[in-house]
Amino acid sequence: MPELRKDPVTGRWVIVSTERRKRPSDFRFERISSIGRQYCPFCPGHETLTPPEVLAYRQNGSAPNAAGWDLRVVPNKFPALQVEGNLDREGEGMFDRMNGIGAHEVIIETTDHDKTLATMSEGEIERVLWAFRERMCDLRQDRRLRYILIFKNHGAAAGATLEHAHSQLIALPVVPDFVREELDGAKRHFDEKERCVFCDIVHHEVAAGRRVVQENADIVALAPYAPRFPFETWLLPRRHASRYEEAPRHEYESLARLLKSVLMRMNRALESPPYNLVIHSAPFSENAAEFYHWHVELMPKLTKVAGFEWGTGFYINPTTPEEATRVLRAVRI
Ligand SMILES: [Zn+2]
Ligand SMILES: [Zn+2]
Ligand SMILES: [Zn+2]
């Protein structure tokens, strides 16, 4: 059973995974990413290589855990957290810990081993976004869980261990620190101005235009004013809403279109970089409806996070967001 431990100085929670325990010599294997479709557990016909599916979009009545699907969601075979058991909180002298209750799932986005989110059709991407929503709606009924993070690692340098297009979902019994920082900041802004800080950003950036990469009827893609990483891009809905899983269907359609377009721009401008994508949405356990605003963060992996960043939490970004916007906008797609 994995375990959550709290750092007594900063209050930061860490997942200590016993299942995934590694000896020092195991770490180098983490980098292997190209196994080819013959042995790929995410390719059709290999359904028995994954745990049984928890959701699948299938063509006319094909049997579960067999070929005939378009998209599958399965529990992670090597979960960072596990879903069975009671959530037990306990102290150990001055320290706090709880057992690692949660869920860790893999969304297999396509049957095609060679497709990426950027080369999928808009309809296929929309299907992926819809699957995120369905899993979130299902898991939020579990009262032990407080937060669900959907994320994607694309490319070995961004942490992907399999090349077949997939995203991941981790449901946690605590609200993660980065989300907590955003919640606290957004709450402060709201208390002072009675406005959502993300809505303010969208209004300001759309009017000013300098950092807007692309926009459509529902979603705006922009370079944040103070990005941590070169070409960091946020995709925000124009309509204020705190929860991703409650968005109307047309917003997923618009998000799919814009996401594809931004990824294609990055692929052309930056030679198909590895990237991480995360969806930030309000926690289930608290009411952030007025001041929080769901969004997608897209971070191409172009620089290495090193000693200064680890030691300070300061990021050094060698590319201005205005320059990144110019470059991405100039790409013909
Ligand atoms: Zn595959
Ligand atoms: Zn808002
Ligand atoms: Zn965020």
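What this report covers is the structure whose coordinates are included nearby. (Residues numbered from 1 in each chain as written. Chains lettered and ligands numbered in written order. Predicted model: local features only at pLDDT ≥ 70, side-chain atom pairs only at ≥ 80, totals over all residues. Heavy atoms only, no water.)

### What to know about the sheet that holds strand 5 (residues 89–92)
Here is step 1 of the chain: Taking strand neighbours across the sheet as the criterion, the four strands line up as 2-1-6-5 in an open arrangement whose pairing is antiparallel. The open sheet has two edge strands with one neighbour each: strand 2 (13–16) and strand 5. Mean inter-strand twist for the sheet, computed between neighbouring axes without regard to direction, equals 30 degrees.
Here is step 2 of the chain: Pairing between strand 1 (residues 3–6) and strand 2: four bridges, direction antiparallel. The residue of strand 2 that forms the bridge with R5 is V14. (Pairing = 2+ DSSP bridges. Helix = DSSP H or I, 4+ residues; strand = E, 2+ residues; numbered from the N terminus. Axes fitted to C-alpha atoms, helices over the stretch in contact; angles between N-to-C directions.)

### Observations regarding the coordination of the zinc ion (ligand 3)
Here is step 1 of the chain: Coordination of the zinc ion (ligand 3) by the protein comes from E182 (OE), E182 (OE), H280 (ND1), H295 (NE2) and E297 (OE), over a distance range of 1.9 to 2.7 Å.
Here is step 2 of the chain: Summarised as a motif, the one-chain spacing of the donors to the zinc ion (ligand 3) is E-x97-H-x14-H-x1-E. Of this pair, E182 sits in helix 2 (residues 177–193) while H295 is found in strand 14 (residues 295–300), placing the two residues 113 residues apart along the sequence.
Here is step 3 of the chain: When its relative accessible area of 18% is taken as the criterion, E182 is described as buried. (Donors = N, O, S within 2.8 Å, 3.2 Å for Na, K, Ca; no water. Buried < 20%, exposed > 50% of the residue type's maximum accessible area, 1.4 Å probe, protein only.)

### A closer look at the packing of helix 4 (residues 249–270) against helix 6 (residues 321–330)
Here is step 1 of the chain: Contact geometry of helix 4 with helix 6 gives a least axis separation of 8 Å together with a crossing angle of 100 degrees. Taken as axis vectors, helix 4 and helix 6 run roughly perpendicular relative to one another. Contacts between helix 4 and helix 6 involve R265, M266 and A269 from the former and V327, L328 and R329 from the latter.
Here is step 2 of the chain: Here the residues of the contact of helix 4 with helix 6 sort into four nonpolar, no polar and two charged. (Parallel < 35°, antiparallel > 145°, perpendicular 65-115°, else oblique. Contact = heavy atoms within 4.5 Å. Nonpolar A, V, L, I, M, F, W, Y, C, P; charged D, E, K, R; others polar.)

### Regarding the coordination of the zinc ion (ligand 1)
Here is step 1 of the chain: The zinc ion (ligand 1) binds to the protein through C40 (SG), C43 (SG), H113 (ND1) and H164 (ND1), with metal-donor distances spanning 2.0 to 2.4 Å.
Here is step 2 of the chain: Geometry at the zinc ion (ligand 1) is tetrahedral, judged from the four donor atoms that bind it and their angles of 100 to 117 degrees at the metal. (Tetrahedral: all angles 85-135°; square planar, octahedral: opposite > 155°, others 65-115°.)

### A closer look at unusual backbone geometry
Most peptide bonds take the trans form, and the phi angle of most residues other than glycine is negative.
Here is step 1 of the chain: Positive phi outside glycine occurs at E194, with the angle close to 55 degrees.
Here is step 2 of the chain: For E194, the location among the structural elements is in the loop between helix 2 and helix 3 (197–208).
Here is step 3 of the chain: Look at F231: it is not a glycine, yet its phi comes out positive at around 65 degrees.
Here is step 4 of the chain: The buried category is assigned to F231, whose relative accessible area is 9%.

### Considering the pairing of strand 3 (residues 55–58)
Here is step 1 of the chain: What you see with strand 3 is a clean split: L55 and Y57 sit on the buried side and A56 and R58 on the side with no burial.
Here is step 2 of the chain: Here four bridges tie strand 3 to strand 4 (residues 69–75), and the two strands are oriented antiparallel to one another. Within strand 4, the position partnered with Y57 by the bridge is L71.

### Let's talk about the packing of aromatic side chains
Here is step 1 of the chain: Going through the model one piece at a time under the given rule, you end up with six aromatic pairs.
Here is step 2 of the chain: Plain terms: the ring middles of W130 and Y252 are 5.5 Å apart, the flat faces sit at 90 degrees to each other, and that makes the pair edge-to-face. Of this pair, W130 sits in helix 1 (residues 122–139) while Y252 sits in helix 4, and the two are 122 residues apart along the sequence. The burial state of W130 is the same as that of Y252; both residues are buried.
Here is step 3 of the chain: An angle of 65 degrees between the planes, with centres 5.2 Å apart, marks the rings of Y244 and Y252 as edge-to-face. The residues Y244 and Y252 share a single accessibility class, namely buried.
Here is step 4 of the chain: Taken together, the ring pairs in this structure connect W130, Y244, Y252 and W294 into an aromatic cluster.
Here is step 5 of the chain: For the cation-ring pair, K187 lies above F291, with the distance from its terminal atom to the ring centre recorded as 6.0 Å. (Phe/Tyr/Trp six-rings, centres within 6.5 Å; stacked < 30°, edge-to-face > 60°. Lys NZ or Arg CZ within 6 Å of the ring centre and 35° of its normal.)

### A closer look at helix 6
Here is step 1 of the chain: Of all the positions in helix 6, only P321, E322, A324, T325 and L328 are classed as buried. Mapping the buried residues of helix 6 onto a view down its axis gives an arc of 160 degrees, with all of them on the same face. Those residues of helix 6 that are exposed and angled more than 90 degrees off the buried face are R326 and A330.
Here is step 2 of the chain: Lining the buried residues of helix 6 we find strand 10 (212–215), strand 12 (233–237) and helix 4. (Arc of directions from axis to C-beta.)

### Quick word on the side chain of T233
Here is step 1 of the chain: The residue T233 is located in strand 12 in this model.
Here is step 2 of the chain: A polar side-chain atom of T233 sits 3.0 Å from the main-chain carbonyl oxygen of F231.
Here is step 3 of the chain: T233 has contacts with V213, A221, L222, P224, V262, M266, V296, E297, L298 and L328, leaving out every residue within four places of it along the chain. (Polar contact = N/O pair within 3.5 Å; in protein donor to acceptor, adjacent residues only side chain to side chain.)

Purely spatial values, then, with no claim about function.
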